[in-house]
Amino acid sequence: MTIRNDDDRRFAELLHHRSARLGQGDPVTPPLVSAATYHLPRVDQGGFMYGRMSMPTWEEVEAQLAVLEGAPCVAFPSGMGAISAALFACVTAGTRVVMPSDGYYTVRLFVEGFLRPFGVTVDYVPTVAMAEADFTGAGVVYVETPSNPGLDVCDIAAVAARAKAAGAVVIVDNTTLTAVLQRPLDLGADLVVAADTKAPGGHSDVLFGHVAGRDEGLMQRVRDWRKLSGAVPGAFEAWLVHRGIETLEVRLARMCASAQVVAERLAAHPRVRGLRYPGLATDPSHAVMARQARGFGFLIGMELEGEAEAERFLEACPFIARTTSFGSTHTAGERRARWGDAVAPGFLRLSIGVEPVEALWAGIAEGLAA
Ligand SMILES: *Cc1c(COP(=O)(O)O)cnc(C)c1O
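Everything numeric in this text was worked out from a predicted model, so none of it was measured.

The strand order across the open sheet built from four strands is S8-S9-S11-S10, with neighbouring strands paired in antiparallel fashion. Looking at the sheet topology across the chains shown, the edges are occupied by strand S8 (273-276) and strand S10 (332-335). Strand-to-strand twist in this sheet, taken as the mean axis angle between neighbours without regard to direction, amounts to 15 degrees. Where S10 lies against strand S11 (residues 347-351), four bridges are found, and the strand directions are antiparallel. By the bridge assignment, Gly-333 is partnered in S11 with Leu-350.

Shown next as structure tokens:
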């Protein structure tokens, strides 16, 4: 894994992104401004006008995210808010969209429920097959790597090059790694979508999302979508996410390091089957991720004998929160088959948190002994 100095520079800049704009006596942290209306004697002089168009606290989190993404960002009230905005910005009746068959389930529900009825054509391809997929006539190629919950990957640069040669806009859902660990725009993607509900917010207390991109025309469509559809984030949520992102890089460092330790020990445990962690040299996703990401993430997939054994394991672990979602300070786990994911009944997704790793492992070992 190459640790690039320009990444470290960016993580430092992130913590000082307001500095250059501060005047004597200004608060160092962003003010939480929830105003819907702004002093507006004239409409031709710029500034804030009305809360559906722009808000001071969104702009702070967007400026902070822009440092991480290396691109302008537009904030949304959830990851799905960002994903639906990006898709609506890129499709019209007749557009062919190529989507992963194994990515975040709700995206497929959205596409089937709202895009297909408008005449959008949708083809599903497994993430591992994206590299060879037929993109002929595609208007949008959408990828999620590593995929949730299967942790399969595709080579973003290779997919983006082929998709763009076919004339498609490339959208990457970067939720599972965040821009700290992977920067799809640098690999040729046109738009990044992400759920900041996960690791960026990081404390399971806020839903948020964003779209990032360097194509001004596409980003204007995304901005217009937010203003006209009204899918606007709240000021308090933006403020919480800004606070969460301040510690994102340091939390991820702990979470990824702990995930590596836990995965190596799970690999040696006789009860654990079907283990997936891209940081293991034997994992099918290892080589591609070593090339295109800065770390292997904090998600682990594993299988126990069956549904009852998997549930008993979760129940017996003192340090695994039994929740859906991932990326929080606390380790969390759930049996994904309960949502209908195409996985074995005993398949568990673990999201490793920031607990000291030896204490966490002791808790997991307790669960495995139960
Ligand atoms: C959670 C998640 C989303 C949706 O985010 P919400 O904030 O729940 O709307 C989208 N994509 C992936 C990969 C996710 O894990």
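Here we come to empty space enclosed by the protein. Inspection of the entire model under this criterion finds two cavities of 30 Å³ or more. The computed volume of the largest cavity comes to approximately 90 Å³. In terms of lining residues, the largest cavity is bounded by 15 residues, among which Thr-178, Ala-179, Asp-196, Pro-200 and His-210 are the most central. Per-class residue counts for the lining of the largest cavity are nine nonpolar, four polar and two charged. Reported here for the second largest cavity is a volume of approximately 40 Å³.

This part is about the domain arrangement of the protein chain. The parts lose accessible area when they come together, and the size of an interface is often stated as this lost area. As assigned here, the protein chain comprises domain 1 (6-245) and domain 2 (248-369). Centre-to-centre separation of domain 1 and domain 2, based on C-alpha positions: 26 Å. The partner domain 2 presents 32 residues to the 34 residues of domain 1 that form the contact. Summing both partners gives a buried area of about 2600 Å² for domain 1 against domain 2, and 60% of it is carried by carbon and sulfur. If you sort the residues of domain 1 by the area they bury against domain 2, Pro-149, Leu-151 and Leu-181 come out on top, with a joint share of 24%.

Attention shifts here to the side chain of Arg-271. In this structure, Arg-271 sits in the loop between helix H9 (248-267) and S8. What makes Arg-271 buried here is its relative accessible area of 18%. Here Leu-368 takes part through its backbone oxygen, which lies 2.7 Å from a polar atom of the side chain of Arg-271.

Here we take up the state of the cysteines. A complete count under the given rule lists zero disulfides for this structure. Looking at the unpaired Cys-73, the closest cysteine sulfur is the one in Cys-90, lying at 15 Å.

Counting 64 residues, the largest nonpolar core has Val-262, Leu-266, Ile-300, Met-302, Phe-313, Ile-364 and Leu-368 as the members making the most contacts within it. The greatest single-element share of this core, amounting to eight residues, is contributed by H9. If you count residues domain by domain, this core takes at least three from each of domain 1 (6-245) and domain 2 (248-369). Among all residues touching Phe-313, those that are not within four sequence positions of it are Met-302, Leu-304, Ile-320, Leu-348, Leu-350, Ile-364, Gly-367 and Leu-368.

With respect to the secondary-structure elements, Val-67 resides in helix H2 (residues 56-69). Along the chain, Val-67 and Val-141 lie 74 residues apart, while their C-alpha atoms are 25 Å from each other. Those residues within four positions of Val-67 in sequence are excluded, and the remaining contacts are Arg-10, Glu-13, Leu-14, His-17 and Arg-183.

Let us look at the layout of surface pockets. In this structure, the largest pocket occupies an estimated 400 Å³ of space. For the largest pocket, the lining is made up of 22 residues, of which Tyr-104, Thr-106, Asn-148, Lys-198 and Thr-324 are closest to its centre. Within the residue set of the lining of the largest pocket, elements represented by two or more residues are helix H3 (79-90) and helix H4 (105-115). If you tally residues by element for the lining of the largest pocket, the top one is H3, at three residues. Among the residues making up the lining of the largest pocket, the classes are represented as eight nonpolar, nine polar and five charged. Counting only domains with at least three residues in the lining of the largest pocket, you end up with domain 1 (6-245) and domain 2 (248-369).

Ordered by their spatial adjacency, seven strands build an open sheet running S1-S7-S6-S5-S4-S2-S3, and the pairing between neighbours is mixed. Two strands bound the open sheet, and with one partner strand each, they are strand S1 (73-76) and strand S3 (121-125). Averaged over all adjacent pairs, the angle separating strand axes in this sheet is 20 degrees, with direction ignored. Bridge count for strand S2 (residues 96-100) against S3 is five bridges, and the pairing is parallel. Its bridge partner being in S3, Pro-100 is matched across the sheet by Val-125. Each of S2, S3 and strand S4 (138-144) touches H4; the most contacted strand, S3, lies at about 155 degrees to it. Across the sheet, helix H5 (residues 156-165) lies against S4 and strand S5 (169-173), angled at about 155 degrees from S5, the strand it touches most.

What counts as what
- Residues numbered from 1 in each chain as written.
- Predicted model: local features only at pLDDT ≥ 70, side-chain atom pairs only at ≥ 80, totals over all residues.
- Heavy atoms only, no water.
- Pairing = 2+ DSSP bridges.
- Helix = DSSP H or I, 4+ residues; strand = E, 2+ residues; numbered from the N terminus.
- Axes fitted to C-alpha atoms, helices over the stretch in contact; angles between N-to-C directions.
- 1 Å grid on protein atoms, 1.4 Å probe; cavity = no way out; pocket = protein on both sides within 12 Å on 5 of 7 lines; lining within 4 Å.
- Points joined across faces, edges and corners; volume = space filled by probe spheres on them.
- Nonpolar A, V, L, I, M, F, W, Y, C, P; charged D, E, K, R; others polar.
- Domains from an automatic or database assignment.
- Contact = heavy atoms within 4.5 Å.
- Buried area = accessible area lost by both parts, 1.4 Å probe.
- Buried < 20%, exposed > 50% of the residue type's maximum accessible area, 1.4 Å probe, protein only.
- Polar contact = N/O pair within 3.5 Å; in protein donor to acceptor, adjacent residues only side chain to side chain.
- Disulfide = S-S within 2.5 Å.
- Core = buried A, V, L, I, M, F, W, Y, C linked by side-chain atoms within 4.5 Å.

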